[in-house]
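# Inside the fold
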Amino acid sequence: MEYDETVYACAINRIFNYNCRDARIITEHFASPGELFSLTESELHGHIRRQEYIDAVTSPATLRDAAEEVRWAREHGIHIIYINDREYPARLRECPDAPTVLFLKGTSGLNPARAVAIVGTRKATSYGREQCRAIITRLAALSVKPAIISGLAYGIDICAHLTALECGLETIAVLPTGLDRIYPAAHRRHAIEILHHGGLVTDFPKGSSPQPVTFLRRNRIIAGMSDAVLLIESAAKGGGMITASLAQSYSREVFALPGRTTDPYSAGCNALIRDNAASIISDPSWPAKALGWEDADNETNKDRLQKIFDTSDYIKRNILLALAADSSVDRDIIIAKSGGDPAQVLPRLTEMEMDGLIRTDAHGNYSLTHR
């Protein structure tokens with residue numbers, strides 16, 4: 001039986017869900033995910049080392065389960081994004097253990113011009129919550145506003161999400177479960193609100209339950225999707241410290257909020273600062289300053305758009321003209337109006353998106369960041 005490529009992508013994700021590095025080798029080797037399932041068992045031995053994976057590829061049940069997952073996702077308005085799709089977060093794709101598939105529900109795309117992860121202890125103090133709100137308020141004052149990414153957990157995570165919503169920022173919650181359940185269940189109401197001003201994301205298939213390992217794997221997506229990770233409060237060991245370590249391995253900026261030496265939930269932050277593994281958050285405005293975002297904001301979007309019109313890059317000019325004429329434009333229409341072929345247009349779209357000039361929504365349509 002033939003399936004569409006989304007089913008094959010979900011099947012690879014189900015098979016290699018806990019071994020993304022091997023999955024990455026396979027997805028880079030084959031032009032499309034379906035090619036893997038056209039191979040015989042003997043041919044598979046040339047690409048896959050472990051027999052259990054080969055058995056899963058050749059089992060009809062694998063594709064039947066993946067097809068059911070795709071049917072369910074589409075029925076519930078969930079977008080399935082393959083690692084080679086243009087909607088896949090470009091920052092995360094840089095990471096060697098990036099997941100094969102992401103499941104997204106909500107209004108936001110996953111390639112914001114700027115993205116900040118804010119994480120910390122579930123047992124946040126009033127000091128931590130106050131500083132978290134102050135930092136996000138300063139980030140919201142930037143002209144190119146960052147998306148706030150966290151894990152929907154108790155404490156600092158939910159404080160970050162709710163403050164982002166209050167400040168009009170998009171916020172993305174990365175779950176340690178499939179999208180058929182919200183964890184923790186107490187934050188279901190907040191998750192629904194996030195759907196209208198951001199998104200819920202996971203790489204776990206439907207039916208996945210929260211386990212210690214799923215929280216650790218969730219943290220790599222939080223770190224990988226971000227420009228910087230801000231650790232607000234953390235004990236000497238914990239999920240926030242793991243996220244900070246992952247961010248360092250991905251060459252992301254790491255910031256930590258200092259606390260008193262006697263505070264157990266500042267021990268992790270203080271240790272990162274002491275070991276020069278994180279920049280100290282000396283005041284709420286420092287992360288934006290250290291990232292160079294406040295200086296960049298001195299040049300307005302209008303100035304940057306004018307520079308494009310003043311250059312000889314006619315393709316970028318035509319892209320802007322197409323977007324100026326409509327509030328939301330499909331990629332194929334942009335390509336048709338740009339005067340270039342896809343190989344010329346798509347890199348320019350990515351560059352303009354990363355510069356904060358344009359944005360893409362969950363459906364892959366483009367618009368100007370500021371109209």
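Analysis parameters
Residues numbered from 1 in each chain as written. Predicted model: local features only at pLDDT ≥ 70, side-chain atom pairs only at ≥ 80, totals over all residues. Heavy atoms only, no water. Helix = DSSP H or I, 4+ residues; strand = E, 2+ residues; numbered from the N terminus. Rg over C-alpha atoms; globule rule 2.2 N^0.38 Å. Contact = heavy atoms within 4.5 Å. Areas by Shrake-Rupley, 256 points an atom, 1.4 Å probe, with all protein chains shown as cover. Lys, Arg positive; Asp, Glu negative; His and termini not counted. Charge placed at Lys NZ, Arg CZ, Asp CG, Glu CD. Salt bridge = Lys/Arg side-chain N within 4 Å of Asp/Glu carboxyl O. Buried < 20%, exposed > 50% of the residue type's maximum accessible area, 1.4 Å probe, protein only. Pairing = 2+ DSSP bridges. Right-handed = clockwise from strand over helix to strand, strands pointing away. Axes fitted to C-alpha atoms, helices over the stretch in contact; angles between N-to-C directions. Left-handed = near helix turned anticlockwise from the far one by under 90°. Nonpolar A, V, L, I, M, F, W, Y, C, P; charged D, E, K, R; others polar. Expected span 1.5 Å × (residues − 1). Phe/Tyr/Trp six-rings, centres within 6.5 Å; stacked < 30°, edge-to-face > 60°.

## Topic: the overall build of the protein chain
The number of helices and strands found in the protein chain is 18 helices and 11 strands. The C-alpha atoms of the protein chain give 21 Å as radius of gyration, which agrees with the globular expectation for 371 residues (21 Å, within 12%). Projected onto its principal axes, the C-alpha positions of the protein chain cover 60 × 55 × 35 Å. For the protein chain, the proportion of contacts with a sequence separation of at least 24, taken over those separated by at least 6, is 70%. Of the accessible surface of the protein chain, which amounts to about 16,300 Å², a share of 50% is contributed by carbon and sulfur atoms. Of the charged side chains in the protein chain, 41 are positive and 46 negative; the average position of the first set lies 5 Å away from that of the second.

## Focus on the pattern of salt bridges
All chains considered together, the criterion is met by 18 salt bridges. Its salt-bridge partner being Arg-359, residue Glu-170 comes within 2.6 Å of it at the nearest N-O pair. You can see Glu-170 sitting in the loop between α8 (156-166) and β5 (171-174) and its partner Arg-359 sitting in strand β10 (residues 358-360), a full 189 residues away along the chain. Of the residues examined, Glu-170 reaches a relative accessible area of 24% and is grouped as partly exposed. Each of the salt bridges in this network shares a partner with another, and the network as a whole consists of Glu-68, Arg-71 and Glu-75.

## Description of the pairing of β5
On β5, burial covers both faces: Thr-171 and Ala-173 on one face and Ile-172 and Val-174 on the other are all buried. Two elements, strand β4 (residues 147-150) and β5, share three bridges in a ladder whose sense is parallel. Looking at the pairing, Ile-149 lines up with Ile-172 of β5. Taken together, β4, α8 and β5 constitute a β-α-β crossover, and its handedness is right-handed. Of the strand pairs in this sheet, β5 and strand β6 (residues 198-202) are connected by four bridges, and their pairing is parallel. Bridge assignment links Val-174 to a residue of β6, and that residue is Val-201. One crossover worth recording links β5 to the parallel β6 by way of helix α9 (residues 188-195), and it is right-handed.

## With respect to the packing of helix α7 (residues 126-140) against α8
A packed helix pair is summarised by two numbers, namely the angle formed by the two axes and the spacing between the axes. Contact geometry of α7 with α8 gives a least axis separation of 9 Å together with a crossing angle of 35°. At the point where α7 passes α8, the crossing takes the right-handed sense. Residues Gly-128, Arg-129, Cys-132, Arg-133 and Ile-136 of α7 form the contact with α8, whose participating residues are Ile-156, Cys-159, Ala-160, Thr-163 and Ala-164. Here the residues of the contact of α7 with α8 sort into six nonpolar, two polar and two charged.

## Details of unusual backbone geometry
Note that the residue after Tyr-183, namely Pro-184, is joined by a cis bond; omega there is 0°. Position of Pro-184 among the secondary structure elements: in the loop between β5 and α9. In this structure, Leu-152 is a non-glycine residue whose phi angle is positive, near 65°. Within the secondary structure, Leu-152 sits in the loop between β4 and α8. The backbone of Ser-251 shows a phi angle near 65°, a positive value even though the residue is not glycine. If you trace the backbone, Ser-251 turns up in the loop between α11 (239-249) and β8 (253-256). Taking the relative accessible area as the measure of exposure, Ser-251 reaches 65% and is therefore exposed.

## Some details on the pairing of strand β2 (residues 101-106)
Taken together, the four bridges between strand β1 (residues 79-82) and β2 define a ladder with antiparallel strand orientation. By the bridge assignment for β2, Ile-81 is matched with Leu-102.

## Digging into the sheet that holds β4
Here nine strands make up an open sheet; going across it, the order is β1-β2-β6-β5-β4-β3-β7-β8-β9 and the pairing mixed. Every interior strand has two partners, whereas the edge strands, β1 and β9 (279-280), have only one. Summarising the sheet, β8 and β9 pair through two bridges and their orientation is parallel. From the neighbouring strand, Ala-256 faces β9, where its bridge partner is Ile-280. Lying on the sheet, α7 is in contact with β3 (115-119), β4 and β7 (228-231); it crosses β3 at an angle near 175°.

## Digging into helix α5 (residues 60-75)
Over its 16 residues, α5 runs 23 Å from end to end, which matches the ideal 22 Å to within 8%, given 1.5 Å per residue. Listing the buried residues of α5 in full gives Thr-62, Leu-63, Ala-66, Glu-69, Val-70, Trp-72 and Ala-73. Elements that come into contact with the buried residues of α5 comprise α1 (5-15), α4 (51-58), β1 and β2.

## Observations regarding the packing of aromatic side chains
Here the structure, examined in full by the defined rule, presents five aromatic pairs. On the basis of an interplanar angle of 85° and a centroid distance of 6.2 Å, the ring pair of Tyr-3 and Tyr-8 is categorised as edge-to-face. Like Tyr-3, the residue Tyr-8 is buried in the burial classification. When the centroid spacing of 6.2 Å and the interplanar angle of 45° are considered together, the rings of Tyr-18 and Phe-204 count as tilted. Pair noted here: Tyr-18 is in the loop between α1 and α2 (20-29) and Phe-204 is in the loop between β6 and α10 (212-224), with a separation of 186 residues, a long-range link. Through successive ring pairs, a cluster of aromatic residues spans Tyr-3, Tyr-8 and Phe-37.

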